Every structure is written in C-alpha cells, then in structure tokens.
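So the chains spell out like this:
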Amino acid sequence: MSSTEDGHLREMANAIRALSMDAVQKAKSGHPGAPMGMADLATVLYARHLRFDPAAPDWFNRDRFVLSNGHGSMLLYALNYLTGYADMTIEELINFRQLHSRTPGHPEYGHAGGVETTTGPLGQGFANAVGMAIAERHLAAEFGDDLVDHHTYVFAGDGCLMEGISHEAASLAGHLRLQRLIVLFDDNDISIDGPTSLSVSDDQCARFASYGWATRQLDGHDFAAIDQAIEWAKQNDRPTLLACKTQIGFGAPNKAGTAAAHGNPLGDEEISAARQQLGWPHPPFEVPAHVLQAWRDLSERGRAERRDWEGRLAAASPDIRTEFERRAAGRLPAHFVKSVADLKESTARERPTLATRKASQNVLEVITAAAPELVGGSADLTGSNNTKTAATQPMQAGDYGGRYIHYGVREHAMAAAMNGIALHGGVIPFGGTFLTFSDYCRPAIRLAALMGLRVVFVMTHDSIGLGEDGPTHQPVEHLAALRAIPNLAVFRPADAVETVECWEAALQRTDGPSVIALTRQNLPALRQAHLEDNQCARGAYVVAPARGEPSAALLATGSEVEIAVAAQEKLRGEGIEVSVVSMPSQELFEAQPDQYRRAVLGQGPRIAVEAGVPLGWTRYVDDAADFVGMRGFGASAPYKQLYEHFGITADAVAAAVRRKLAP
C-alpha cells in the first residue's frame, strides 16, 4: 500500500475518531476509546471488503457487520453517516444518546439502517453473528451461491471474549466450520477497571485455534496488514479470528492506551490536543467535503454488487425466485394454515392423552414439513425436548442443508445464535431445553423481545411434574420471571389441541419471541369439541363453562387446567357452579379488548392454580391467598406424590373456592 493510499485511509479513519469524540463529549456520556481505537480496522473493512449498499440497507446478500462491543456505538453511527445511510444524518450524531434519536447509547436493531442487531450485553453480538453465519451457509446450501454468498464480520472487544457465551458460540462455530465468519478482535489490553492483566491472561489465538478457528495476530493500525489479513481470512475454510493489536483512544495524547479513554468523554482540552495530534483542524461535527465524498464513493461498489445480485435473482427459475422471496419476506407458506387446521381437527377428534412435549413433536412433524424455513435444535436434550422431526435432518460441517442443529450443552449460545438466525432472515429458528435452564437463555430471550424477533424457545419439563430429578430441575419461579419480560409471549398449553394452537400463534407472531412451556407428564384431552378459531391466540378462554351462572371462576394454565376441571366436578356435586378458564398466555390475554376479558374472567370471585409461584397472578385474583401453587422449591419424588405434597390438588382448589364464597 502506497504512502498516498495510507494517508488517504488515515484521513478517512480520523473522521470516525473526530465524530466519535465530539458526539460523546456533547452527550456528556459514552465510550470514545473503542471507536477511536478501531477506526483503522473499520476503514479498511468498509473501503476494501464489506459488501453493503446504504441505498438498500436490507439487501439480502449484503455482508453482515456486527459491533459486538456495542458500547463503541459511535463507531457504527459514524460509519453509517459517512457512507450515506439516509436516516443517519449529522443531526443524529449531534443528538447521540438523546431521547428519540436514532443513536442510542448502544446500537438498537430497527432504530436505523445498517444496524444488524442490538448489542451492548457483551458477547451477545458475537453469538448473534454465529447464528447469522449459520443462516448464510444453510440458505446457500438450499438456494446456491448465486443467491446467498456473503460474509459475517464481527468487531469484538476483550469483554466480549471474557464473557462465557463467547466460549460456547466460538466452539459451535468452529465445530460447524463456519468459514464465512470473520471476527476482528480489538486487542487493546484495556477494560473499565484498568489493564486487562488485572483479570485475564488468556492466549486468545491459542484458545480459538483449539476450537478449530484460523487465527492471526496483526497491528490494528497498519492498513496494509489489516487489508492482507482480511483477504487471507476470506480464503479460509473455517472461521477466523484476527487479533488486532490496537490502542484504545488512538490519537488522544494523554488518555490513549488507558482506561480513562474507555467510558467517559475525553474532555475539551484532551479533544483539542487530539485534533492537533491527528492533524484534524476541523470544528466539531464537520467533515471536509473531500473526506465525506471518499466515504460516500464506497457505496458504488456495493450498489453494483447489489444490482448484479438482483439480476441473478431475476434470472432464477420462477419457482426458486418465488420461494426465495417468500422466505426472505418472512411469509409462511400459503398451505401452512390448512396444515395446522387439519392437524388440530384430527387431534380434537382423537382426543389423545399425551405429554404436551410429545404433542409439540406431533405439531412439529406437520409444520416442519409444511414450512421448510423452520430450523430446529436442542441443547443436547433432543430426546427430552422432542424437537427433532423427520423433515429436520442434522446440520453438519460441510453439509449445511440440514435443518436441525445439535447445539450441545450450550444454552447461552443456542439462544443468542437463534436470534442471529432470525436477524439474518429467510429462516425461522426454534430450539429446546428444560424450562429451568431458561435462566441460561434469559439474556438472549430478553434481547429477542427488545428486537421484536420471531424466535420460538421450546421449554419442556415445565414444573414439579417432571418428578424425580428434583428441585434443581423443577422450575417454580421461571414462568413468572419470563412473563416479566416485555414483548415476550409465554405459552403453557393444557392439552394436545392447545399445543397445536400455541404453536400456530407463536409462528404467526412476527413482532416478538415466544416461549412454549411443555410438560413431561401426560395430560388428558380437555376440549369437548373442535373449534375452528384459535382459542389460545386470545390468551385465555372458558374451557369448561358452568351450568348456569357461575359463583366463581377457576383460572389455570398447562397441567393444572386438568386439576381445575376436577375441582369443578367436586364443587358441582356440592351445588356450587364455577367456570374453568384456561389461560395459556397472559400476554395475549392482556392484549384482548376489555369486553372479552371481562366475559372470560366473570364477575365473581376467582381462584388461580399453577405449579409455580404466585407472582403475577394477583392481577387476576384478590391476593396471593387465592392462588394454589408453589411457595418454595420442589423436591425429588414421583410427580403425583409431589402434587399431593405441595397441595396442588382438586381438593385444595375446591377448598379455596369454599373459603372465598363463605359468608
């Protein structure tokens, strides 16, 4: 690389540095160090390698760029402004971290073009990128390299690689040999507390090599070395880690290379000195026309590549083009609704007694055959979660056409990779583990809800009903904890028919994730007749009406609906009529019109029953005393003994009703 080229790129990189330190200073908060340290890496990546088009931010065959160390968000915002994304104006940079701006403290998916995922919780973006790389290879296997042929690039910091999720995700990526995944590690030796030597002494290249990655160390401020390393990485037959030795806060004469540059504004005096050292005499938020034009000219390469790709798509056979466009748009197949309706009708007619995890497998057999975009998996619990079907053969290194991912015992990475798969587009992911291990998945579930992603988390063994494995595996607080996450739909079906309906509702929900909580133990069929309408899609409905005016209503979910129905029969024998409400999803029920909710809940007293803690149920019952369920952890025993031991029985529910109705 000539000195002229080097100087040209240096000036472009300094535009990133100046905008970043100016925006953080104006906001009086933020992280200038990472953008200033990684500016050279970003400049080479965008100028020489990244396939993107700001005029079409969602072009399907673009390269994906993930800023896993999301605290360095001004790096991404500066890049998007400089390269010409229409919604990233200079005013947005000036309003960094302000209410209603497109430039929040950490990148948020959906706020602006060019932001591929929400990052900030360290390591999550790294694992999202693994999911994106999986989706890219899978769709390439299905549709060919002419339509799907791109890379996933990641910027990751020391913190991302310290987080445990990075181990799980990197191990999975190495196992699958995801050759289109390239990670640029910002190896700056600094964390918030000070030098990373305070807390870590890992050899990251040796670590990633042990996972099966290609690795290289380089000077992160040497443009030629960066260019050569990325070109080398693109030729590898496995994922690549480029450990780029950088200086945090590069250009700040007194704070560069120290923790002082990490998470605070540099200050007016230091910024002035940095401008002098960088040779950047321009006022805040001003980029010289020739530098801005150099950045804007980069989009021409991507625009030409996009148009060439659009030509290839147009030239594809009508069947392939139609199917590709359907999947890219996230539309379910036209016959999907009928396939589900037929299964629901046959299930209602046969009235099977099944564990809902087995009923879920029956649903998956039908819907995975009907919708080829469904890609499943499990965290080494396939036989327990019942997530594999005849249509979903294993995905393996070199054979990415399979639709079932053996994630191994990696719940953290599984959940975050599923988010990445959904973000990539063209694939709808589902994956399973035990409900108690949703704690391992929770950070990714929360981010899926924040981003509004269609991801289905299959959580089996949903209560003390799993029995002998005991309290370590028996979830009691988990339903309440998951229901506390905004924009997450938690489903807990009561029988095989409800399981069909919950799956249908989850897949038709395109603006947020779903958890489907399923039993280990068998449950009887409760529906007395086939109904075309999806009752579970309303969140709650009267599954067993009273004979006449009810004196009270029994509210239940999942396996406890059976208990409520048994209590209804006991009370009926005493001349007390109650209705039984199945409430598979509180979230969907809360979204219904007031009139419907009042009609379902009734005007009388209410008793709720669920094999979990009472938290959250007092929105429907007067107080916690009107809830029959768990007040602590479970125990190891056969499940029927546990229900008796903890007092979750028809007798206990009936007694609660009598107490409530007593004068």
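Data block above holds the structure.
Here the structure is a predicted model, which means the values were calculated and not measured. (Residues numbered from 1 in each chain as written. Predicted model: local features only at pLDDT ≥ 70, side-chain atom pairs only at ≥ 80, totals over all residues. Heavy atoms only, no water.)

**Remarks on the side chain of Asn-419**
Inspection of the secondary structure puts Asn-419 in helix H17 (residues 411–424). Note on Asn-419: relative accessible area 0%, which makes it buried. In this structure Asn-419 touches Asn-128, Ala-444, Leu-447, Ala-448, Met-451, Leu-453, Val-455 and Phe-457, once residues within four positions along its chain are discounted. (Helix = DSSP H or I, 4+ residues; strand = E, 2+ residues; numbered from the N terminus. Buried < 20%, exposed > 50% of the residue type's maximum accessible area, 1.4 Å probe, protein only. Contact = heavy atoms within 4.5 Å.)

**Quick notes on the sheet that holds strand S9 (residues 374–378)**
The strand order across the open sheet formed by six strands is S10-S9-S11-S12-S14-S13, and the pairing between neighbours is parallel. Where the open sheet ends on each side, the last strands, each with one partner, are strand S10 (404–406) and strand S13 (489–491). Direction aside, the axes of adjacent strands within the sheet are offset by 20° on average. Where S9 lies against S10, three bridges are found, and the strand directions are parallel. Pairing of Gly-377 across the sheet is with Ile-405, part of S10. Contacts between helix H20 (residues 496–508) and the sheet are confined to S9, strand S11 (428–434), strand S12 (456–460), S13 and strand S14 (514–518), with S14 contributing the most and set at about 165° to the helix. (Pairing = 2+ DSSP bridges. Axes fitted to C-alpha atoms, helices over the stretch in contact; angles between N-to-C directions.)

**Considerations on helix H13 (residues 318–329)**
Spanning twelve residues, H13 covers 16 Å between terminal C-alpha atoms, matching the ideal 16 Å at 1.5 Å per step. Of all the positions in H13, only Phe-324, Arg-326 and Arg-327 are classed as buried. Relative to the axis of H13, the buried residues are bounded by an arc of 160° and lie together on one face. In H13, the exposed residues that point more than 90 degrees away from the buried face are Pro-318 and Thr-322. In this structure, the buried side of H13 is in contact with helix H5 (124–143) and helix H12 (299–315). (Expected span 1.5 Å × (residues − 1). Arc of directions from axis to C-beta.)

**Re the sheet that holds strand S1 (residues 64–67)**
Taken in spatial order, the five strands make up an open sheet running S1-S2-S3-S7-S6, and their pairing is parallel. Two strands close off the open sheet at either side, each with one partner strand: S1 and strand S6 (214–219). For this sheet, the mean inter-axis angle between neighbouring strands, taken without regard to orientation, is 20°. Docked against the sheet, H5 engages S1, strand S2 (152–157) and strand S3 (181–187), running at close to 165° with respect to S2. Of the strands in this sheet, S2, S3, S6 and strand S7 (240–245) are in contact with helix H9 (residues 223–234), which crosses S6 at around 170°.

**Considering the pairing of strand S19 (residues 606–609)**
Both strand S17 (residues 552–556) and S19 contribute to a ladder of four bridges, which runs parallel. Within S19, the position partnered with Ala-556 by the bridge is Val-609. Alignment of S19 against strand S20 (residues 627–628), held across two bridges, turns out to be parallel. In the sheet register, Val-609 faces S20, and the bridge partner there is Val-628.

**Let's talk about the state of the cysteines**
Within the structure shown, the criterion is met by zero disulfides. Here Cys-205 is not disulfide-linked; the sulfur of Cys-244 is the nearest cysteine sulfur, at 9.4 Å. Residue Cys-205 is classed as buried on the basis of its relative accessible area, which comes to 10%. Cys-502 supplies the cysteine sulfur nearest to Cys-536, a cysteine that is in no disulfide, at a spacing of 4.0 Å. (Disulfide = S-S within 2.5 Å.)

**Comments concerning the environment of Val-515**
Following the sequence through the fold, Val-515 ends up in strand S14. Distance in space between the C-alpha atoms of Val-515 and Met-451 is 15 Å, their sequence separation being 64 residues.

**Comments concerning the pattern of salt bridges**
Taken as a whole and judged by the stated rule, the model has 39 salt bridges. A salt bridge links Arg-303 to Asp-53; the nearest nitrogen and oxygen atoms lie 3.6 Å apart. Of the two residues, Arg-303 sits in helix H12 while Asp-53 sits in the loop between helix H2 (33–49) and S1, which places them 250 residues apart along the sequence. You'll find Arg-303 and Asp-53 in the same group, each marked buried. (Salt bridge = Lys/Arg side-chain N within 4 Å of Asp/Glu carboxyl O.)

**Topic: the pairing of S7**
Among the six residues in S7, five count as buried, and that is most of the element. Relative to S7, S3 runs parallel, the two sharing six bridges. Bridging across to S7, Ile-182 finds its partner in Thr-240. With six bridges joining them, S6 and S7 adopt parallel strand pairing. Across the sheet, the residue bridging to Asp-219 is Lys-245, located in S7. Traced from S6 through H9 to S7, the parallel crossover comes out right-handed. (Right-handed = clockwise from strand over helix to strand, strands pointing away.)

The values reported here are purely geometric and, on their own, carry no functional implication.
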